[in-house]
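Each chain, written out:
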Amino acid sequence: MDLTFTPAEEEFRSELRSWLSAHIPQEWTRPGFWESLGDDESFRLRRDWERDKADAGFAGIQWPTEYGGRGGTPGMKAIYDEETVRAHAPRTVNPLGLAFLAPTVMAIGTDAQKKEIIGPLLRNEVIWCQGFSEPGAGSDLAALSTRGVRDGDGSSDDFVVNGQKVWTTNAVHGDKIFTLVRTEPGSAKHRGISMLLIDMDQPGVTARPLKQMSGASEFGEVFFDDARVPATDCLGEIGDGWRTAMLLLSFERGASGISQYTEFRRQYDEIVAVARTLGRDTDPVVRNELARVLTELECLRLHSMHVLTQVEQGRDLGFEASMTKLQWSETFQDLWEVYDQILGADATLDTLGGWDGGPATDLRAMHAQAMWSRSVTIWGGSSQVQRNVTAERVLGLPR
């Protein structure tokens, strides 16, 4: 395991840190700022900022230069993840398009698709959603029921799509969606599925927000009612969408968890400050729980550097990605369970302190994180599934 970065990578860190310092307004780093904005205003600010970041050359860090990226190393990408978290940079508005769709298009897309998708995506001119989950096909993704029927003469034909997707990130703000559709009538499970690229700004496509318990509407549901998509807007081969989907999801592998560790470590310090404000930092039970979670965090840091080392050596991590997902999600949830334990009944308050005339602590952002933490062991592969994958595929245990 290599815990160091090269001189060139450290030079990149310095350059990135300077740019972030000059382009993140101080008010954006204030606790509760983003929670004080409506969903539309927050999305607009983040989209504009991210476009400026791309123009400055700090987007697509590991993308080849021919696609507008920086052509950087895995270490540079890890530094980017770390420094943006430290600087309180806004969350990306195009996470699924940047992380999953673009690399897939680079690998198997047609020349026309590469030209039409990659550049506009990098500059956030087009916001992409991912349409995988359905009301009846969550954990069993291959049980999807959204249908696409061929309509045309074979030379310039379309698919007419009907069905529903759910838990779609940025559904309301999305311009286009890459989605799995069963395009061969009578096919079952993994066969006869295609990945279609559908324009959401057309008759027959309706997106509705889903309100989360934090009050945000990051997710939505998408309805297709005779929506049309040209057959040429299929990523990969028609009927071979399951293979395309597995390739797309494979780009999650190699993520080392450094950004998660950096963010969680900062949150840990904020939680400790809350414990001190409440005078609970001397409680031996609280101190024990904080020490336990700090140990988990440091294990996550070391695991993240191990993964980064493997990636830099060109090793395909394969199913070991399940270990990373399991570790960071369980650590994150444990961290915020300690927060709930420390607050107790004070979890109902939006602010803490200020009783003696001093500044009060705005808890809204922390409350939102605590509520969000309940979901991370479900989405992206539940902890139960990740444990099975790790046991069978990594450790070689029997089913």
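Keep in mind that this is a model prediction, so the values were computed, not measured.

Rules used throughout
- Residues numbered from 1 in each chain as written.
- Predicted model: local features only at pLDDT ≥ 70, side-chain atom pairs only at ≥ 80, totals over all residues.
- Heavy atoms only, no water.
- Helix = DSSP H or I, 4+ residues; strand = E, 2+ residues; numbered from the N terminus.
- Expected span 1.5 Å × (residues − 1).
- Buried < 20%, exposed > 50% of the residue type's maximum accessible area, 1.4 Å probe, protein only.
- Contact = heavy atoms within 4.5 Å.
- Salt bridge = Lys/Arg side-chain N within 4 Å of Asp/Glu carboxyl O.
- Polar contact = N/O pair within 3.5 Å; in protein donor to acceptor, adjacent residues only side chain to side chain.
- Phe/Tyr/Trp six-rings, centres within 6.5 Å; stacked < 30°, edge-to-face > 60°.
- Axes fitted to C-alpha atoms, helices over the stretch in contact; angles between N-to-C directions.
- Parallel < 35°, antiparallel > 145°, perpendicular 65-115°, else oblique.
- Left-handed = near helix turned anticlockwise from the far one by under 90°.

### Section: helix H7 (residues 258-277)
With 20 residues, H7 should reach 28 Å at 1.5 Å per residue; the first-to-last C-alpha distance of 29 Å fits that figure. Regarding H7, the residues found buried are Ile258, Gln260, Tyr261, Thr262, Phe264, Gln267, Tyr268, Ile271, Val272, Val274 and Ala275. Turning to H7, the residues buried within the fold contact helix H3 (74-86), helix H8 (284-312), helix H9 (321-343), strand E9 (351-353) and helix H10 (364-372). Gly279, located one to two residues past H7, shows a positive phi value of around 75°.

### Some words on the pattern of salt bridges
A full pass over the atoms with the stated rule returns 29 salt bridges. Connected through salt bridges with shared partners, the residues Glu10, Arg13, Arg17, Glu82, Glu83 and Arg86 form a single ionic network.

### Focus on H8
Look at H8: 42 Å from first C-alpha to last across 29 residues, which is about the 42 Å you get at 1.5 Å a residue. Near the N-terminus of H8, the side chain that reaches the backbone nitrogen of Val285, with its oxygen 2.8 Å away, is that of Asp283. Directly beyond the C-terminal end of H8, a positive phi value near 80° is found at Gly314.

### What to know about the packing of aromatic side chains
Using the criterion set out here, one finds 14 aromatic pairs in the structure. Ring geometry for Phe12 against Phe58: centres 6.3 Å apart, planes inclined by 45°, an arrangement best described as tilted. Of the two residues, Phe12 is situated in helix H1 (residues 7-23) and Phe58 in the loop between helix H2 (39-55) and H3; the sequence distance between them amounts to 46 residues. On the basis of relative accessible area, Phe12 is assigned to the buried category, the value being 3%. Its relative accessible area of 2% is what places Phe58 among the buried residues.

### A closer look at the environment of Gln327
Within the element layout of this structure, Gln327 appears in helix H9. Sequence separation of Gln327 and Thr65 is 262 residues, and the distance between their C-alpha atoms is 33 Å. Excluding anything up to four places from it in sequence, Gln327 contacts Cys299, Leu300 and His303. A distance of 3.4 Å separates a polar side-chain atom of Gln327 from the backbone oxygen of Cys299.

### Notes on the packing of H3 against H7
Relative to each other, H3 and H7 sit at 20°, their axes nearing to 8 Å. The pairing of H3 with H7 is recorded here as roughly parallel in orientation. For the pair H3 and H7, the crossing hand works out as right-handed. Here Ala78, Asp81, Glu82, Val85 and Arg86 of H3 come into contact with H7, specifically with Ile258, Ser259, Thr262, Glu263 and Arg266.

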